[in-house]
Amino acid sequence: MNVLMVHNYYQQGGGEHTVFESETALLRENGVQVFTYTRDNKDLKKKPWRLALLPLATVWSPSAYRQVRRLIREHHIDLVHCHNTFPQISPAVYYACWKSGVPVVQTVHNFRFVCPNGLFFRDGSVCEDCLQGGLGCSLAHRCYRGSLVQTLPVALMLAVHRRLGTYKRLPCIFLTRFNRDKIAPRLGIQTSFVKPNFTRMERAGDLPVEPDKFVFVGRLDEYKGILWAARQFAAMPGRRLVIFGDGAQRPALEQLAAEHDNIQLRGFCGQAEIARELESTCGLVFPSILYEGFPVTIADSFALGTPVICADLGNAGDLVQEGENGAKYAPGDEKGFRQAVERLSRDRQRLGQGALRAAQQYTQKENLRQLLEIYRQLKGETDGTKS
């Protein structure tokens, strides 16, 4: 099978880029011939003319359409797998595949198909206005980068392709059932699969657990909830919080750490060091106030046998099972958060075993099996149509 992987890189790295590169490598390591078609938003600064045309290209990119059709012909592509087409590649890539008689599938990494900012988040809290009231809400709220000018092309792209029925024809891979249930019914998506991302984390297996230590890994931003969580630990002197990451809330966290010696900031560290800290901690603290597309940090933690504390919200609330692989609290409930910390502390060993069981669905082997099965189903449907 010859597969064409398609991805538009943002100017800043993120989980979507990691998944695109990891799945490409996984397929190649297991004998699949993989070609790639990518665009990078960093190039827009070098080509002002392309930046000027971006609002139109977001809706339909003629160059992406032509180039993908050419790649399909030249490399005898059997299937096209898109990770991100926004903003330079556009939904034109789907039509290039359909015109060429080749199946295409889209991994839905975020909520942009129904929410122009892709997060279901506005003004410090979850927002589903565009899901319930239509895309006009995004224009009223200037949801994409706080700009009406930048929000308009995104909303226009979604509106045009809804009218064309693009999304109804498009098979999609959702990372969780939660994501599928939010998006697929609204767009009338007919063919969908649920396949999570995978983790490469592996246990050392001989690290003793420090019963008073908890770890946070992620961006130090408002919607990750870390400042709120750190304030709860400040009121629990018998528990330590070690924080990995950087972001806008770092100064406030540094001040808090200076006042409370049970809070420690470690900044950016390598994956190996973070893995050691996670495996030896009592639990991962995941206080995000977002739905999250797929919290890969939770999958990493489970793979290391470490249970998770999270708000009962969105995908984290679905992945973490109370009393099985972690502890949950109602969003914003300070007392509930502290009680969750204590519940996890008391039952760490059993919850850690539950985390390892949950991690079996996030292994590379299982991911490869699911991905190839999706490809076979889609290719079989197309072959059946041709015959």
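Participant: Explain the packing of aromatic side chains to me, please; I cannot follow it from the model alone.
Facilitator: By convention here, two paired aromatic rings are described through the distance between centres and the angle between planes. Per the stated rule, a full pass over the model turns up 18 aromatic pairs. Considering the side-chain rings of tyrosine 94 and tryptophan 98, the 6.3 Å spacing of their centres and the 45 degrees angle between planes classify their relative orientation as tilted. Here tyrosine 94 and its partner tryptophan 98 are both found in helix H5 (residues 92-100), four residues apart, which amounts to about one turn of the helix. Measuring from centroid to centroid gives 6.0 Å for phenylalanine 121 and tyrosine 223, while their planes differ by 70 degrees, and the two rings are edge-to-face. One end of the pair, phenylalanine 121, is in strand E5 (residues 121-122); the other, tyrosine 223, is in the loop between strand E9 (210-217) and helix H11 (226-234), with 102 residues separating them in the sequence. Three or more aromatic residues joined by ring pairs make a cluster, and in this case those are Trp60, Tyr65, Tyr94, Tyr95 and Trp98. Here the basic side chain of arginine 169 rests over the ring of tryptophan 98, its NZ or CZ set 3.9 Å away from the ring centre.

Participant: Just checking my understanding: could you explain a nonpolar patch on the surface for this structure?
Facilitator: Taken together, the side chains of Trp49, Leu53 and Leu56 make up a nonpolar region of the molecular surface, amounting to roughly 370 Å² of accessible area. With respect to the element layout, leucine 56 can be found in helix H3 (residues 54-59).

Participant: So what exactly am I meant to see when it comes to the sheet that holds strand E10 (residues 240-244) here?
Facilitator: Strands in a sheet are paired, the pairing made by backbone hydrogen bonds, and the direction either parallel or antiparallel. Taken in spatial order, the six strands make up an open sheet running E11-E10-E9-E12-E13-E14, and their pairing is parallel. Of all the strands in the sheet, the pair left with one neighbour each is strand E11 (263-267) and strand E14 (326-329). With strand direction ignored, the average angle separating the axes of adjacent strands in the sheet is 25 degrees. Note that E9 and E10 share five bridges and pair parallel. Paired with phenylalanine 216 across the strands is isoleucine 243, a residue of E10.

Participant: What is the right way to look at helix H16 (residues 334-346) in this model?
Facilitator: For an α-helix the count is 3.6 residues per turn, leaving residues at separations of three or four pointing the same way. For H16, spanning 13 residues, the distance from its first C-alpha to its last is 19 Å, which sits close to the expected 18 Å at 1.5 Å a residue. If you check which residues of H16 are buried, you get Gly336, Phe337, Ala340, Val341, Leu344 and Ser345. Against the buried residues of H16 lie E9, H11, strand E12 (281-286), strand E13 (308-311), E14 and helix H17 (348-358). With a side-chain oxygen positioned 3.3 Å from the backbone nitrogen of lysine 335, the residue opening H16 is aspartate 333.

Participant: Whenever I open this one, the sheet that holds strand E7 (residues 172-174) confuses me. Can you help?
Facilitator: Sheet architecture is open: six strands sit in the order E2-E1-E3-E4-E7-E8, paired in parallel fashion. With partners counted over all chains shown, the strands left at the sheet margins are strand E2 (33-40) and strand E8 (192-194), one partner each. Going from strand to strand, the sheet's axes swing by 20 degrees on average, the running direction of each strand aside. With three bridges connecting them, E7 and E8 associate as parallel partners. By the bridge assignment for E8, phenylalanine 174 is matched with valine 194. Helix H1 (residues 15-29) rests against strand E1 (2-9), E2 and strand E3 (79-84) of the sheet, and its axis sits at about 165 degrees to E1.

Participant: I tried to follow the packing of H11 against H16 on my own but got confused; where do I start?
Facilitator: Two packed helices can be described by the angle between their axes and the distance between those axes. Closest axis-to-axis distance for the H11/H16 pair is 10 Å, and the angle between their directions is 70 degrees. Between H11 and H16, the crossing angle belongs to the class labelled roughly perpendicular. The chirality of how H11 crosses H16 is right-handed. Residues Trp228, Ala229, Gln232 and Phe233 of H11 lie in contact with H16, whose contacting residues are Glu334, Phe337, Arg338 and Val341.

Participant: Could you clarify how one ought to interpret the pattern of salt bridges in this entry?
Facilitator: If charged atoms from side chains of opposite charge come close, those side chains can pair. The final tally for this structure, using the stated rule, is 23 salt bridges. With a shortest N-O distance of 3.8 Å, aspartate 181 and arginine 180 are connected by a salt bridge. One salt bridge in this structure joins arginine 343 and glutamate 322, with 3.1 Å as the shortest N-O distance. Residue arginine 343 is located in helix H16, and its partner glutamate 322 is located in the loop between helix H15 (314-319) and E14; the two are separated by 21 residues in the primary sequence. Judged by its relative accessible area of 39%, glutamate 322 falls in the partly exposed class. Via salt bridges that share partners, Glu210, Asp212, Lys213, Arg240, Arg266, Glu273 and Glu277 belong to a single interconnected network.

Participant: Would you mind showing me how to read the nonpolar core here?
Facilitator: The tendency in soluble globular proteins is for nonpolar side chains to be buried side by side. Leu4, Val80, Phe113, Ile183, Phe214, Leu241 and Phe337 are the most contacted members of the largest nonpolar core, which has 73 residues in total. Val242, Ala358, Ala359 and Tyr362 belong to the second-largest nonpolar core, a separate cluster that totals 26 residues.

Analysis parameters
Residues numbered from 1 in each chain as written. Predicted model: local features only at pLDDT ≥ 70, side-chain atom pairs only at ≥ 80, totals over all residues. Heavy atoms only, no water. Phe/Tyr/Trp six-rings, centres within 6.5 Å; stacked < 30°, edge-to-face > 60°. Helix = DSSP H or I, 4+ residues; strand = E, 2+ residues; numbered from the N terminus. Lys NZ or Arg CZ within 6 Å of the ring centre and 35° of its normal. Patch = residues over 30% accessible without salt bridge, like charges linked within 9 Å, V, L, I, M, F, W, Y side chains within 5 Å. Areas by Shrake-Rupley, 256 points an atom, 1.4 Å probe, with all protein chains shown as cover. Salt bridge = Lys/Arg side-chain N within 4 Å of Asp/Glu carboxyl O. Pairing = 2+ DSSP bridges. Axes fitted to C-alpha atoms, helices over the stretch in contact; angles between N-to-C directions. Expected span 1.5 Å × (residues − 1). Buried < 20%, exposed > 50% of the residue type's maximum accessible area, 1.4 Å probe, protein only. Contact = heavy atoms within 4.5 Å. Polar contact = N/O pair within 3.5 Å; in protein donor to acceptor, adjacent residues only side chain to side chain. Parallel < 35°, antiparallel > 145°, perpendicular 65-115°, else oblique. Left-handed = near helix turned anticlockwise from the far one by under 90°. Core = buried A, V, L, I, M, F, W, Y, C linked by side-chain atoms within 4.5 Å.

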